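What follows is each chain in one-letter form.
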Amino acid sequence: MSLLGIDVGTTGCKAAAFSGDGRCVAWAYREYGTLRPRPGWAELDSREVWRAIREVIADVANRTNPTDPIAALNRVAAIYLKRNEKRTALEYLARSIAADPRQADVQNTTGELMEFFADPHAAFRHYVAAIGADPSHLHARINLVRYYAALHDSAKASEHFE
C-alpha cells in the first residue's frame, strides 16, 4: 500500500505517493498566487489553495497503480465529510475498501454513512467487517450495539459490551 504525503506551502502545494519501501511512485505540484492587499502584507486565497490541494491529490491518485491504493485517500474522505459532502466521501471510502477491506476505521465510517443514507443493512455489514478487521474497534462495537438495540435484540447488543 502506498502512502500519500502533502506539503502545503506559501507559493504552492505538492503531493507525493510513496511505496512501502520508500520509493516515490507519483508526485504532483500546483502553484497559487500570493495576495498583497497592503505593503508588507502577504495572504493566500484559501479557495485557490484548496483547489490546488484537490488537484494534486487527484493527480497523484490517478497516476498510482489502481491495485495499490493510497492510504491517505481515507483522509480525503474525511475532508469531504467535514465539508458535508457525504456522497463524495462515500466514493473515496468505497475505493479504499475495494482495495483493502481490512481497514476497520474505513469500514466503520462507511457504515455510519450508510446509516445516514438510510441503509441500515449495509451499515450493519460494514460494522461487522470493521470488527472482523479489528475485534476491539470501539466505535464499530458501539454502532453494532445501537443497531441491535434498534431491533430490540438486547442479547445481541450485550455481546458487543465485552
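The numbering scheme is per chain: residues are counted from 1 as the chain's sequence reads. The predicted origin of the model limits local features to residues at a pLDDT of at least 70 and limits the giving and counting of side-chain atom pairs to 80 or more, whereas totals for whole chains, interfaces and linings rest on all residues. Working from all heavy atoms in the structure, the side-chain values ignore hydrogens and water.

Enquirer: Please give an account of the overall build of the chain that cites residues and values.
Expert: A run of H or I in DSSP becomes a helix once it reaches four residues, and a run of E becomes a strand once it reaches two; helices and strands are each numbered from the N terminus. The helix and strand inventory of the chain stands at 7 helices and 3 strands. Order of helices (α) and strands (β) in the chain, N terminus to C terminus: β-β-β-α-α-α-α-α-α-α. Within the chain, the proportion of its 162 residues that are buried is 37%. The buried label goes to any residue with under 20% of its type's maximum accessible area, the exposed label to any with over 50%, and the partly exposed label to all in between, with areas taken from a 1.4 Å probe on protein chains only.

Enquirer: Hey, could you go over the nonpolar core for me, with residue numbers and the actual values?
Expert: To define a nonpolar core, start from buried Ala, Val, Leu, Ile, Met, Phe, Trp, Tyr and Cys residues and group those joined through side-chain atoms within 4.5 Å. If you look at the biggest cluster of nonpolar residues, it comprises 19 residues, and the most contacted ones within it are L113, M114, L144 and Y148. Within the residue set of this core, elements represented by two or more residues are α3 (86–99), α4 (104–116), α5 (120–133) and α6 (138–150). Core analysis: the second largest hydrophobic core is formed by 13 residues, A15, A28, I57 and V60 among them.

Enquirer: Requested: an account of the packing of aromatic side chains, with residues and values cited.
Expert: Aromatic pairs are defined between Phe, Tyr and Trp rings, using the six-membered ring for Trp, whenever the two ring centres lie within 6.5 Å; interplanar angles under 30 degrees are classed as stacked, those over 60 as edge-to-face, and all others as tilted. Within this structure, the stated rule accounts for 4 aromatic pairs. Through a chain of ring-to-ring contacts, three or more aromatic side chains come together here, namely F124, Y147 and Y148. Note on geometry: a ring has a charge over it if NZ (lysine) or CZ (arginine) is within 6 Å of the ring centre and within 35 degrees of the ring normal. A cation over a ring is seen here: R87 above F117, with NZ or CZ 3.8 Å from the ring centre.

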